Structures are given as structure tokens and as C-alpha cells.
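Observations on the three-dimensional arrangement
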Amino acid sequence: MLASIIASGLALGAVYALIGITYNVMFAASRVMSFTAGQLGMLGGVFGALFVGRLGVPGPVGLVLTLAACAAVGVLTEIIAVRPVLASLEKHLYVLSTLAAALLIQQLTAIEWSTEPQPFPRLLGLGSGILDEKFWLPVLACAAVIGGLEWMYRRTLVGRAFIAIAEDNFAARALGLPERRLRMASFALAGAVAGLAGFSSGQLLLAFFANGAMLNFYGFVPVALGGLGNNRGAVLGGLALGLFQQAANFTVGGVFASVLVFTVFIVVLLAAPQGLFGAPAVRRV
Amino acid sequence: MAADALLHVEALDAGYGKIGVLHRVDLIVRPAEIVALLGPNGAGKTTLLRALSGLLPWTAGDATFAGSSLRGADPRACARAGLVHVVEGHRVFTQLSVTDNLALAAYDLPRGERSARIEDALQVFPEIAAKHTEKGGALSGGQQQMLAVAQGLVRRPRLLLLDEPSAGLSPVLVDRVLLVLARLRDAGTAVLLVEQLVEKSLAVADRVYALAQGRIVLNAPAQAPGLAARLERAYLGVAA
Amino acid sequence: MPYIALARTRLAVPRSMFAALPYFALLLVALALPLAGQEYWTVIATRAAIYWVLVSGLNLVVGFAGQLAIGYVALLTLGAYTASVLVERAGVHPFLALAAAAVVGAMAGVVVGLPALRLRTFYFAMTTLGFATIVTQVALAWTGVTGGGIGVPGPSLAAPFDTAQGFYLLCIALAAACTWMTLNAANSRFGRSLVAIRDAEVAAEACGVAKARLLMLVFLFSGALAGIAGGLFATLQSYITPDAFTFDLSVLFFIAILIGGRGSVLGPLLATLLLTALPEFAAPLVAWSTFLYAALLLVIVLLVPGGIADVLDFRSRRALPSGRAVVPRIQLLPALLSYGVSRDDLTLRGIALSFGAVRAIDGLDLDLRPGEVHGLIGPNGSGKTTTLNAICGFAVPQSGTVRIGGTTLPLGAAPRRAAAGIGRTFQTPRIVGEASVIDNVMIGGTILGRATLIETLLTLPRHRREEAALRDRAMTALRLVGLEALAAIRADRLQHSELRFVEIARALMPTPRFLLLDEPAAGLSAIEIERLGQLVVAISRQGTGVLLVEHHADLIFAVCDRVTVLNLGQTLASGTPAEIQAHRDVVEAYLGR
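Residues numbered from 1 in each chain as written. Chains lettered and ligands numbered in written order. Predicted model: local features only at pLDDT ≥ 70, side-chain atom pairs only at ≥ 80, totals over all residues. Heavy atoms only, no water.

Some thoughts on the overall build of chain B
Condition: The helix count covers DSSP runs of H or I at least four residues long, the strand count covers runs of E at least two residues long, and both are numbered beginning at the N terminus. The size measure is the radius of gyration over C-alpha atoms, and the globule rule it meets is 2.2 Å times the number of residues to the 0.38 power. Each residue is placed in one exposure class: buried if its accessible area under a 1.4 Å probe, protein chains only, is under 20% of its type's maximum, exposed if it is over 50%, and partly exposed if it falls in between. Any pair of residues with heavy atoms lying within 4.5 Å of one another is described as a contacting pair. Shrake-Rupley sampling with a 1.4 Å probe provides the accessible areas, and residues are treated as covered by the protein chains on show and by no other component. We count Lys and Arg on the positive side and Asp and Glu on the negative side, and we leave His and both chain ends out. Here the site of a charge means atom NZ of a Lys, CZ of an Arg, CG of an Asp or CD of a Glu.
From N to C terminus, chain B includes 9 helices and 10 strands. Here the C-alpha atoms of chain B give a radius of gyration of 17 Å, agreeing with the 18 Å that 2.2 N^0.38 yields for 240 residues. Expressed along its principal axes, the backbone C-alpha trace of chain B runs to roughly 50 × 40 × 35 Å. Looking at the 240 residues of chain B, the share that counts as buried comes to 58%. Look at the contacts in chain B between residues 6 or more apart in sequence, and 67% of them connect residues 24 or more apart. On chain B, roughly 9200 Å² of surface is accessible, and the fraction owed to carbon and sulfur atoms is 54%. Across chain B, the mean location of the 25 positive side-chain charges is 3 Å away from that of the 23 negative side-chain charges.

And the structure:
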């Protein structure tokens, strides 16, 4: 039982962590928390099942197509739900505009895809039991994303521009950085990260439209635990959440596991709004 | 008078939302001159700089830079045209190294040219060249201000807008920064300098404008006789 | 001016009569509906009425207080299961079970609402969403009580409510009662305070609005209504499973309020009817209904943030006369401000306050005397506004005391300053743009109200008396600053200079002993500054102690009895205007030498 808890806990935890990173990447460039984060994760599973399962595209090509499609949806979110709100005086309306965008994505999927969970094809055919690919693929994806982001932030000028915009948007603009293009790029990146989360966990969570709302919430918990904008915190928080949830699931059952997770979430939010690992320094002025 | 102007501002109005801050501001900066923009708190000096560099839309009037209108230009377009704004409060990026801070100022320049520009900018300020691998947050306030000015220099501006470079600096460092401005002018760069330190600004400037309650109330050569008294009256809200 | 005449007639005719017309029309249609003989329509109308019972309460939370509670279906679920399980498994009388559903709903409402006191928009929205997810999961998994996926029968009511028509009339009666109560709440100090929390939170606190208490009351009330709606919903469904409570319902409730328009009761009512009935008109729309709601939400948010209520607000599109000038009527001051014999000073001793490593104020002493205007000037960053915030409790000093006479005021605790006799204005006016000018001024009188929320909901005599007195007083305050002609106008249509005077009128409402003005002359024309100066002097001569933070040196020297100059968080000089003007250090500090 312990092995199952760890296998499924780490797998789900990695997915939650990736959705948490999706929230963070969007937030860093725009100061906007978007309800589309979980929906993009759901789309990763649906597009994967569509391309690889229904259309029979080879796995790697299907992955690239899925990431591209999710990145496109990410950019679309920025254009229709984020940019108009940032341009207006009432910036807090982003909560509503991204909620609307998320519902549009979810309903469209339910109508055009299916309201029932659809199977996701086996990708590599590797491993069985607790070493099945469905358990380690999400962990692998999470490690890849973390490595890729670290490389980007440390080694590329674009990555530094992202850091600059996240720290002081006004100074970055005054310096002549192409703020709007960078924001769109970060929404594309966020879409791809979420798409990868959905694709890698397809065999675990299936291609199901309701996963979006579920991932929205469980993906936000790591952000609350780890502190807004803190990717390492999100990974630690995500894995902790996955393990905790699965342990509770196996020992006290699903209902109390859900209630426990929610209670912990609320308590952490109320006791430490900055997250357990602290958020990066607040902007001056 | 306007024919030789690099920056020509005519009857400019700007503000935040409903609140009008600038009222019919006229101002000229010629190539290779330092113009000091002085005035009491809340007069609208920072607002004027922001309006000129595309950070704040204006509501009426016009401004041309090197012959073309600045209407609707964003900060990026302004910077590309050679109008560079170093904002107040030495807001450098604390999580990035000094070199990276400068590299971002050269974001859309060709990769090959970037390092040469960064070298040039660092040469002006040996204090921060020695710390070029350290994070912006590890610098002292004065060093951060130098880094902010260096960021502006990376662009090789034709006109540099500087907002209170002296804030939080020791007198020695203030002199150091102002000396850099004089050297820039001698090399052909124009500077529009917003300052609280009146005497030091007058010492380095060629001309001076005073802004009070959003209006230009004084325009004179920096060496004009009796200027101190006129400024004093301007600060107390009376047209000089 | 024809404009004033217009405002007068509007006040002469009881406004409530006109305003009540659409509600009576709706009620008539609702009562006539069963006569049409279409039973199906009665069922739809019953559902709409039940939804409105929930939405009317939620409207106070979302539309008035601006709290983004998007998971309210959870409270409907709790109410439905509470009523059903009590009747089915414990044999409780259906009406008692409904009451229990209300209690459970109210308690859950507080649980859902509690995080709103600490969390900002998105975080709070997420917690309500999480709560909704959890409630559905529990309903599904707790099979012993809820029947799990199989479900549980809804409570059937006793005669005469056991028929479709009888039940319909019950729901209509409840919906009408909810409309009446929320209208009463909306047009009271409670409703105005909620809107102030939404749009001008800092100003609300300065006016003495106790945010935590008020929000908890509203969450309690709206939770109770949601619980009742849940019980009725279970009766209407006659059998409930967790599937009946999809998130789509939450979306419907929430979107109805936003489409209807925040701060309105009629708008959300119409939108609830519209959204409930819309899918019935076209069967193919059913699958797409939530998609359409979401699209509608996006359009509303981006294009008409004010919702239906804004579109129907023709009055606010009528042009205001241009070239208006603010002319205060100083002679009215005695009607507004009259003081007893108390002549206590406001004293600051050794106030020190730093933000991180920056010392904003460093050991400041200051004395404000009743009947005097005290100017506070100094260069940028010298600590003027911080001083004002320390007095008002918005900034908490690390050390030092603030006293009025012998009473020491607690540091921080901004909402308690109004009751202590301190009023203020803000550097940029903090006004509720969507409320009328007179409503904005009435917010200033929040602490004068004594009637409880229950008295207000039922519009009992004490509430009515207080409301009338408050409106009278606000009108006097508006006449004083010369803005009475604009009393009924939405505040966001006023000019900047007029808003400055609205803020002064608001601050004068509770007869403050000390009035703190933060750069009141910024953005005013020369003639307006002169009138402002006269008003400030007159207010002080009434016995108020005025603290004036200003950049306009000429105004300071013209109206102040004493002036304190701050530099780097310390007193540079203090004395009469003449002494200060002659003070060499002051000029030096100003010129930065």
C-alpha cells in the first residue's frame, strides 16, 4: 500500500505542481491569476487523446501538436481575457474575465469532445504495476519543466526579461522592454507547461472535461502553499499535496481526504497568506 | 527658436484619470545642452518626464523629438528613437546581475553590439564595473543609481531624461553623477534633469525651467542674475 | 438654473413610488401566471423564484460588498440535503426542516465568508470554488446519510403547499419578501457601507465602517437565504442527487448578479428571471446554456461592467450643466457643527514610524487645538502623509502616543477613529463612483446609526427615523459645500474639484472634533482654492481642530494659525505663518540646499 501511495502521490503531485507553475508563469508577466490554468491542463489530456488516440498520430508528434495547441489557447486567453482588463482601470476584473474564459473552454470541450472520461492511449508501453509509465511520466515531465525553466531564467536574455517584468513592470517598460510581447510569450509558455501536465498524466486522469475545474483547485493549492511566483515552492507544495491526498485516500477514504485537503488549504491561506516558503520580495514603491 | 530644438513640447496637457497635472506646458531642449527642470513637490515634474517618454498618455498639445511627433509613441519606440528615460528611485532589477541589468537595456540590439555597449557603459562608472557579477540588490543605493544611469547610457541616447538622480545619494556621489552629465553633454548628448538640489543643478545646467502647479513659471539661462530669488518666489507659488 | 429645479421636483415626489413600480409589475405578472393554465410555466417560474431567494442574498455579498463568492451552489446543496435528510430520515416537520436548512446555510455562509476578511479577490474566489467541490464530493461519498449517487427524496410540504400552485405561491411570497428585505438593506447604512467596502475600502474604514462585523452579518443572512432556497429546491425536484447541484448553477447565480449590475436589486432580479427562462425558449440551447452564460459574462465584464442596471440608468446619461462652480455657504456651518464645552487637544508625542529600514517619522511631537488651523508642510518624503496616517490609524507607529485630552487612542485601529472624533479626506478622493453624491456623504454618518440589521431589513421605525435624519443632515452638508444640486447624481460624473468638496462634506457628517485634510487644494483652480481656504477657516472657527497638509504654500500661509515644517521625518520648525516665512532653514529645505 505504501508503494501505491508513493507512486500515485508523486504522480498526481507532479501534475498539481505543473499547474501551480502554470499559474506562476502567467502571474509573473501579468500580475494576473488565471482560472484557465487548470483548463489548459485538462486540454493537454484531451488534445493528446485526440491526436494520438483518435487520429493515430505518433506519440512525439502528438506531444508537439498538443503543446502547440495549448500554447495557442494560452495566447488566446491573454488576448481576449487579460489584455483588455489590464488596459482598463479596474484591473481586478481579471478574476471574472479569466473565469469566463475558463468556462468557455470547459463547456466547449464538454460539447465538442465528450462529457464522459475518454481513454488516453499508452505512449511508451514501459513498466507495469507501481512502475507503470502512467506514474512516472508526470514526474519526468515535472523534472523536465523545472530544468528547462531554470535554464531559461539563468542562461537566456528572454528569461531575464521575464524576471525583470515580474519584479518591476514599470521599470521594465521604461527601459523599453517589449512588455506586451513578453506577456504573450509567457502565456504561450504557461499553456505549453499545462499542456505537458495534461499530456503526461493522460493515462492517469483520462481525457475528461471536468478535470479542468479539479486541476484549477488542486493546482492552486501548491501556489498557496509555496507562495505566489515561487516555482520551487510550487513543486514542493505540489508533491506534498499529492502524497498527503493519496495517503489520506488510502487510509481514511476519499471524503475525508477531500475535507482534509480543503481544511489544510484554508488554514494555510489564513495563517500564512505569503505561503509556507515565502513569496519573492515585494516590489518597492 | 524652435528650429534647432531636439525636443519641442507645445501646450502639453497630461494627468492621471480625471486629475489634470500638466497645463499647457511649453519646453525646448536643444542638442548638447543640459536643461534643469525644477519645482516644488507635486508640481508635475515626474509626470512631464513620463508623458514625454511614453509612460503616460497626454490629453492635449504636442511634442516632437528630432522632428517627428511623440504622440502615441510607447517607451520602446521612444528609446529606439534615442529618447531615454531613467525613472526615479533607482529601480534596478534586484534579482539580476549588474551585467544582466545592462543587457536588458540593450534587449533589442544585435547580440554582437550588446557586449560592446555594456562595456562602454561600465567604463563610465568604474564603481559598478568592479561589481558587474553581483546582483542589483547587493548594490548600495548610490551604486544602484549609477547602474540606472548606466542602463540609460547603454542606449547611447540623444536625449537623456533623468528623474532625481541625487535622491538618497551622498554629496560626493551626487557630484560624481553630475560630472558624468557634463561629460555626456560635451560628447553631444542632451539632458533634461529633474532635481531637488537647486544649487547643484544650476551649477551643471545651461538653462533652467521651473514648474509650479503644472505650469511652467520660469524659463531662464542657468547663469541669469537674480535667479535664486526668482526661483524662491516660483517655489512659493508666485509667478516669477 | 433648470438643473436645480429638476433636482427639487425629483425630491418632492416620493422616489420610492416610482422605484417600486417595476417590482409590483413583476409581482402582478407572477400572480397572474397560474391563470394561464400552463403548468410547465408555473414550474419554471417556481424555479426562478427559488433561485432568486438565493441570489437576492448573494447579491449583497457579490453585488454590494464586491466579494467574489463563486461557489454558492455549495450552500444550496447543504440546504437541500439538510431539509431532505431531516424529513426523510428523522421525520422532522418540513417547515422545521426548512428552518434548520436556514441555520445550516447561515453557518456555512460564515465558514465560506470568513476567508474574505483576509484574502484578496482571486484567493477568495478559489476558496469558495474549493468549498463547492468538497461539498459535492461529500454528498456523493457519505452514502449513509445522503444516499450517495442514489440520492434522497426531497421534503413534501403539507397542504395547502402540496400542490404545484400552492408551492408556487409560497415561493413567490418568499421571493417577494427577500426582494423587500434586500431593498431595505440596500438603501440603508448597511448597503452603503458594503458598497463603500467594495469601492473605497480605506474611506469606509475612516468613516468607521466595521468591515469584519458587517461582512459576517451579510454572509450570515445570505447563507440563511441560500439554505432556505436549498430546501425549497429539494421540494421542487422531489428527489435530489449530487448531480442536481452542478457548478453550472453557481455560474448562473453569480453571472445573474454581474449581468444585472452590481449595487442594484432590480437588475439581478431581471437577470435571474432571464437566465432561468432563456434555455426554455429554445431547446437546442440547453446544452450550450452555460457556454452562453460564460460568453455573456465575458462581454459584460469587458464592455458593460455596470450590467443591465447601467444600461437602464437613463438618468445618468442626461448631460450635466457645464461650467459649474463650487460655492460653499459658510453661514450654514452652525447647523451642521455644534460642539459642547470640550476643549481637548489632539496630541502626538514621540511618534516614530519606519517602513523597513526607512525612517518615515522620527520622534514627532504635534499639538492640534480645537478652533485652529494647523498647517503641515515639508518636502517630498518628509513624512506628512505618514503623520496623518498615524493619527488616523492607517499606519502603525513603532512607538509614541496619540491622545485626545486624557484619552489615549490605540495605535492602528483605523475604523475606531471616526467614533473618537477624527475625520479625514484623502490625497486622491476616495469616493464610491457608482453611488449618488448624497449616498457618498451619508457614508460619513455611518457611526451615527444605531438600528440593527434586523430592524433595517424589516424597516422598523427606529431605522426609518435614523435614515430620514441622516439624509437631512447629508443634504445640509451638501448645501454647505454648495453641491446640493448634484445630490442625486452619480459621484463619478462629478469634476475632480467637486469630489474634493464631497469628501469634506462626508468628513463633517459625524461632527468631527478634528478634521485632517490631505492636500485638499491639489487640482483646484485659484478661485476654488480661495473658497476652500474660507471654508477651512470657517470650519475651524466652529470649534473643529483642522490639520492641513498642503503643497500650496500661499494657501497654508493665508489660512493657518500655526504651521509645522517637517523634514526627514522630524520637525524642522514650528510657529506662526509669519515666523515660518522668515525662517531661513525652511526656505533652504524647500530649495534643497
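Focus on the packing of helix α12 (residues 247-260) of chain C against helix α14 (residues 285-303) of chain C
Residues and elements named next belong to chain C. Our working definition: Note on geometry: axes are C-alpha line fits, over the in-contact stretch for helices, and angles between N-to-C directions span 0 to 180 degrees. Orientation labels follow simple angle bins: below 35 degrees gives roughly parallel, above 145 gives roughly antiparallel, 65 to 115 gives roughly perpendicular, and whatever is left gives oblique. By convention the crossing between two helices is left-handed if the near helix lies anticlockwise of the far one by an angle smaller than a right angle, and right-handed if it lies clockwise. Gly is put with the polar residues, along with every residue not named as nonpolar or charged; the nonpolar set is Ala, Val, Leu, Ile, Met, Phe, Trp, Tyr, Cys and Pro, and the charged set is Asp, Glu, Lys and Arg.
α14 packs onto α12 with a crossing angle of 30 degrees between their chain directions and a minimal axis gap of 10 Å. Classed by the angle they form, the pair α12 and α14 counts as roughly parallel. Judged by the sense of rotation from one axis to the other, the crossing of α12 with α14 is left-handed. For the pair formed by α12 and α14, the contact residues are Asp248, Leu252, Ile255, Leu258 and Ile259 on the first element and Thr290, Tyr293, Ala294, Leu296, Leu297 and Ile300 on the second. Each residue belonging to the contact of α12 with α14 can be placed in one class, and the counts come to 9 nonpolar, 1 polar and 1 charged.

Observations concerning the interface of chain B and chain A
Here is the rule we go by: What counts as buried area is the accessible surface, traced by a 1.4 Å probe, that two parts surrender upon association, with contributions from both included. We define a salt bridge as a side-chain nitrogen of Lys or Arg found within 4 Å of a carboxyl oxygen belonging to Asp or Glu.
Taken together, the contact between chain B and chain A spans 24 residues of the former and 22 residues of the latter. Taken together, the two surfaces of chain B and chain A that pack against each other cover about 2200 Å², and 63% of this comes from carbon and sulfur. Considering only the side of chain B, the residues that lose the most area to chain A are Arg91(B), Phe93(B) and Tyr107(B), jointly responsible for 33% of the buried surface there. Where chain B meets chain A, there are 2 salt bridges. Here Asp100(B) makes a salt bridge to Arg160(A), at a shortest N to O gap of 2.9 Å. Looking at the side of chain B that touches chain A, the elements with two or more residues in it are α2 (75-81), α3 (98-105) and α6 (141-154) of chain B. If you tally residues by element for the side of chain B that touches chain A, the top one is α3(B), at 5 residues. Of the residues assigned to the side of chain B that touches chain A, the class counts are 10 nonpolar, 8 polar and 6 charged.

Side note on the interface of chain A and chain C
Put simply, the rule reads: Two N or O atoms form a polar contact when they lie within 3.5 Å of each other; inside protein one atom must be a possible hydrogen donor and the other a possible acceptor, and for residues adjacent in sequence the pair counts only when both atoms belong to side chains.
Each partner contributes residues to the interface: chain A has 36 residues there, and chain C has 36 residues. Surface buried jointly by chain A and chain C totals about 3400 Å² across both partners, of which 82% is contributed by carbon and sulfur atoms. It is Leu96(A), Leu104(A) and Leu270(A) in chain A that bury the most area against chain C; as a group they hold 16% of the surface buried on that side. Inspection of the region where chain A meets chain C yields 0 salt bridges. In this structure, the connection of chain A to chain C is made through 1 residue pair in polar contact (both at pLDDT 80 or more). Secondary-structure elements contributing two or more residues to the side of chain A that touches chain C are α3 (59-87), α4 (94-112), α10 (211-226) and α12 (254-271) of chain A. Among the elements that make up the side of chain A that touches chain C, the one with the highest residue count is α4(A) (12 residues). Broken down by class, the residue content of the side of chain A that touches chain C amounts to 28 nonpolar, 6 polar and 2 charged.

Notes on the environment of Ser140(B)
Among the structural elements, Ser140(B) can be located in the loop between α5 (126-129) and α6. On a C-alpha basis, the gap between Ser140(B) and Leu169(B) in space is 9.6 Å, while along the polypeptide they are 29 residues apart.

Quick word on the sheet that holds strand β12 (residues 570-575) of chain C
Residue and element names in this part refer to chain C. We count it as follows: Any two strands with at least two DSSP-identified bridges between them are counted as paired.
The strand order across the open sheet built from 6 strands is β8-β9-β10-β5-β11-β12, with neighbouring strands paired in mixed fashion. Since the sheet does not close on itself, it has two edges, and those belong to β8 (422-424) and β12, each with one partner. Here the average twist between neighbouring strands, direction ignored, is 20 degrees. In the sheet, strand β11 (residues 562-567) pairs with β12 via 5 bridges, with the strands oriented antiparallel. Residue Asn567 lies in a different strand from β12, and its bridge partner there is Gln570.

A few points about helix α2 (residues 36-54) of chain A
All names here are of chain A. In plain terms, the rule: Expected span of a helix: the number of residues minus one, times 1.5 Å.
With 19 residues, α2 should cover 27 Å at 1.5 Å per step; its first-to-last C-alpha distance of 25 Å lies within 8% of that length. With 16 of 19 residues buried, α2 is to be regarded as a mostly interior element. The positive-phi residue at the C-terminal boundary of α2 is Gly56, with phi of around 70 degrees.

Considering the sheet that holds strand β9 (residues 207-212) of chain B
Residue and element names in this part refer to chain B. The 6 strands lie next to each other as β6-β7-β8-β3-β9-β10, forming an open sheet whose pairing is mixed. Each having just a single partner strand, β6 (83-86) and β10 (215-221) make up the two edges of the open sheet. On average, adjacent strands in this sheet sit at an angle of 15 degrees to one another, irrespective of strand direction. Bridge count for strand β3 (residues 34-38) against β9 is 4 bridges, and the pairing is parallel. Bridge pairing in β9 links Leu37 to Tyr209. Contacting β3, β9 and β10, helix α9 (residues 227-235) crosses the sheet at an angle of about 175 degrees to β10.

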